[in-house]
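An overview of the molecular structure
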Amino acid sequence: MTRILISWMAALMMGMVAVTAVAEDYMEGVEYTRISKPLRTVSQPGKIEVREYFWYGCPHCFRLEPFIQRWLATNPENVNLQMQPAILGESWAPAAQAFYVAALLGVLDRVHPALFEAVHLDGQKSLVTDDLALELFFEEYGVKPELFRKTWSSFGVQSRVKQAVRMTRRSGIKGVPSIVVNGKYVTDPGRAGGGDEMFRVIEYVVAQGQADSS
């Protein structure tokens, strides 16, 4: 019995060493990099901000969505997830504008996944650049055209789009999807080695951020 217990404890310790070794394999400058000037984050006590930079026209962002939902289903209580439309060029602005219109009108939870699917499954590519196509699309979700137009051109939406431009530039990202943790570190599926692996990197960096703030 004693030999069995010792063997079990040895196996457990070996497993712990293996897990630690995997975690230590994540290195700054390899799986994630540091942003030279930290970005402002949304403060929530006891939580680390994880900000997803995306564009509705990006097929990689679309394919990442199931990974994000699967990760969120684990309820990481120490994480504050923020979705951030990226604007890496003028043609990306309408998609970001659509995101903020949906957020302000309270239909983001329905429009966000539907817009991704319409673009990448139904071939409605005009939805990422054409405000008239977006107006008709939003109407399918109960948003009247006149309300869409008013919100689309509102100060609130326009100011958020300008802020998205600034945040994208300051983050230093070169493409999407990209994830910024705690306003300090950036990673992406390519750098991390895949979608599932990226979330392990995120959890590792989140843990590092909590250790730094404790």
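Up top you'll find the structure we're talking about.
Here goes a summary of the coordinates provided. Quick caveat, the model's predicted, so the values are computed rather than measured.

Note that F137 resides in helix α5 (residues 131-139). Along the sequence, F137 and A114 sit 23 residues apart, while their C-alpha atoms lie 9.5 Å from each other. Those residues in contact with F137, other than ones at most four positions away along the chain, are V111, A114, L115, A118 and L127.

Another aspect to go through is the side chain of E52. Position of E52 among the secondary structure elements: in strand β2 (residues 48-54). Although buried, E52 forms no salt bridge, and the nearest oppositely charged side chain, R51, lies 10 Å from it. For E52, the residues in contact, after removing those within four places along its chain, are E65, I68, Q82, M83, Q84, S178 and I179.

Okay, the layout of surface pockets next. Left-over empty space is what a probe sized like a water molecule reveals as it rolls over the atoms. Space inside the largest pocket adds up to approximately 500 Å³. Along the walls of the largest pocket sit 18 residues, with R40, R51, Q84, Q163 and M167 positioned nearest its centre. Counting residues per element, the ones that place at least two in the lining of the largest pocket are β3 (79-85), α3 (93-104) and α7 (155-171). No other element matches α7, which puts 5 residues into the lining of the largest pocket. Looking at side-chain class alone, the lining of the largest pocket contains 8 nonpolar, 4 polar and 6 charged residues. Considering only enclosed or pocket space, the second largest pocket measures out at about 160 Å³ in volume. The wall of the second largest pocket is formed by F62, E65, P66, Q69, M83, L108, D109, H112, P113, F116 and E117. Of the residues contributing to the lining of the second largest pocket, the split by class is 6 nonpolar, 2 polar and 3 charged.

Calculation notes
- Residues numbered from 1 in each chain as written.
- Predicted model: local features only at pLDDT ≥ 70, side-chain atom pairs only at ≥ 80, totals over all residues.
- Heavy atoms only, no water.
- Helix = DSSP H or I, 4+ residues; strand = E, 2+ residues; numbered from the N terminus.
- Contact = heavy atoms within 4.5 Å.
- Buried < 20%, exposed > 50% of the residue type's maximum accessible area, 1.4 Å probe, protein only.
- Lys, Arg positive; Asp, Glu negative; His and termini not counted.
- Salt bridge = Lys/Arg side-chain N within 4 Å of Asp/Glu carboxyl O.
- 1 Å grid on protein atoms, 1.4 Å probe; cavity = no way out; pocket = protein on both sides within 12 Å on 5 of 7 lines; lining within 4 Å.
- Points joined across faces, edges and corners; volume = space filled by probe spheres on them.
- Nonpolar A, V, L, I, M, F, W, Y, C, P; charged D, E, K, R; others polar.

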